[in-house]
Amino acid sequence: MTMDYKAFVEDQIASIRSAVGGHLAINALSGGVDSSVVTVLAHRSLGKQIKTVFIENGLMRKDEPERIVKLFAGIGIPVQLVDSRADFLNALKGLTDPEEKRNAITKTFYEKVFGRLVREIGAKFLFHGTILTDIEETVAGIKRQHNILAQVGIDPEKEYGYQVLEPLKTLRKDGVREVARVLSLPAEIAQRIPFPGPALATRIVGEVTEERLATVREATAIVEEELQESGAFQYMAVLLNDRATGIINGKRDFGQIIVVRCIHSVDARTATAVELSWKKLQRVCERVTAIQGVNRCLYDLTPKPPATIEYI
Ligand code: XMP
């Protein structure tokens, strides 16, 4: 049976209104498809009772915060930019274990930054862009998605002082894109490749530092520009926690390694590497190895499973 997404949107609007009542709600927009759809859904349902913030956590892609705020202003949704870079970078300092990094991001996000914002605004509800795949993978122990709370035993009301609403939790990525279409989101957002909540931290193996973020941010901009016409489900650059010898300006160099990943998928549960042309791969390699400190660029052929899509 095919799903009626128009009816889904109407049902969600009705249940959001009844859940929130006369209270205030808040949500964080990251610019990814899920949080963008939740933002539009919540604004359609609640009007002035919902406040949307963009948390600048220092882990975002190049020019992203300003771009997203401007884009939403263009569709009549005001978004407040909250500079929390220092909070996140301090919390991530010295951490190399993937789960510890994810935990630090979750804690900083929901406890520190949101705890403070919710109190300031007097909000009682927080909207999340959690989707079914996030819940399933967390419950299966594959990874702890940053936005999963109840399923890992966290009671947000008790621990952080607000209730969480997750209008997309029965949908997968393809369903979220259908909802985006029903809500008439600009194609620029509806067709955007997925981007994870913990942002570039999922693309840095090892410690997340400002310098390493700058490297992966630059590589991400190149990969996104070069592969935007690929039609792939998702593409990204990843910075490894290893080094390799190379030659820079005629001298031996012990430099950084960037992995490029470009995959086909329908719902992110399984994925296969896209067969990019040799010419395209060479072009990406040339541009990525022009980034200061990077002397190797690799293309990842691994499907999911056994790999996951992200690297942490
Ligand atoms: P993995 O790496 O688990 O990724 O194969 C599956 C899909 O989910 C995205 N992803 C996340 N999205 N919060 C999110 O909002 C997260 O913590 C997270 N981790 C992975 C990933 O980009 C891919 O599309």
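Details of the structure are given in the entry above.
What comes next is a walk through the structure. Every chain's residues receive numbers from 1 upward, in the order its sequence appears when written. Selection of residues for local features in this predicted model requires a pLDDT of at least 70, selection of side-chain atom pairs for listing and counting requires 80 or more, and totals for whole chains, interfaces and linings are taken over all residues. Think of the side-chain values as coming from all heavy atoms in the structure, minus any hydrogens and water.

1. Regarding the nonpolar core
Applicable threshold: Note on terminology: a nonpolar core comprises buried Ala, Val, Leu, Ile, Met, Phe, Trp, Tyr and Cys residues joined through side-chain atoms within 4.5 Å. Note on exposure labels: buried denotes an accessible area under 20% of the residue type's maximum, exposed denotes more than 50%, and partly exposed covers the range between, all computed with a 1.4 Å probe on protein chains only. We count a stretch as a helix when DSSP gives it H or I for four or more residues in a row; a strand needs E for two or more, and each element gets its number in order from the N terminus. Any two residues having at least one pair of non-hydrogen atoms within 4.5 Å are treated as being in contact.
Val 37, Ile 55, Phe 114, Phe 127 and Leu 168 are the most contacted members of the largest nonpolar core, which totals 87 residues. Counting residues per element, this core draws most heavily on helix H5 (residues 98-121), which supplies eight residues. Discounting residues that sit within four places of it in the chain, Ile 55 has contacts with Ala 28, Leu 29, Met 60, Val 82, Ser 84, Phe 88, Phe 109, Val 113 and Leu 117. Counting 11 residues, the second largest nonpolar core, distinct from the first, contains Phe 233, Ala 244, Val 259 and Ala 268.

2. A short note on the pairing of strand E2 (residues 50-56)
As a reminder of what qualifies: Note: two strands are recorded as paired if DSSP finds a minimum of 2 bridges between them. The handedness of a crossover follows from its direction of travel: if, with the strands pointing away from the viewer, the path from the first strand over the helix to the second runs clockwise, the crossover is right-handed.
Counting buried residues along E2, six of its seven residues qualify, which places the element largely inside the surrounding structure. Here four bridges tie strand E1 (residues 25-28) to E2, and the two strands are oriented parallel to one another. Along E2, the bridge assignment pairs Asn 27 with Thr 52. Note on the crossover from E1 through helix H2 (residues 33-46) to E2: the handedness is right-handed. One crossover worth recording links E2 to the parallel strand E3 (residues 79-83) by way of helix H3 (residues 64-74), and it is right-handed.

3. Regarding helix H1 (residues 5-20)
Residues spaced three or four apart along an α-helix point in a common direction, a consequence of the helix completing one turn every 3.6 residues. Stated formally: To estimate the expected span of a helix, count its residues, drop one, and scale the result by 1.5 Å. By construction, the arc corresponds to the directions joining the helix axis to the C-beta atoms. Each polar contact in these results corresponds to two N or O atoms within 3.5 Å; when the atoms are within protein, one needs to be able to donate a hydrogen and the other to accept it, and residues that are neighboring in sequence are counted only if both atoms are side-chain atoms.
Given a rise of 1.5 Å per residue, 16 residues ought to cover 22 Å, and the 22 Å separating the end C-alpha atoms of H1 matches this to within 8%. All buried positions along H1 are accounted for by Tyr 5, Phe 8, Val 9, Gln 12, Ile 13, Ile 16 and Val 20. Buried residues of H1 fall within an arc of 135° about the axis and therefore sit on the same side. Facing away from the buried side of H1 by over 90 degrees, the exposed positions are Lys 6, Asp 11 and Ser 18. The opening residue of H1, the one whose side-chain oxygen lies 3.1 Å from the backbone nitrogen of Lys 6, is Asp 4. Immediately beyond the C-terminal end of H1, within one or two residues, lies Gly 21, with a positive phi of roughly 55°.

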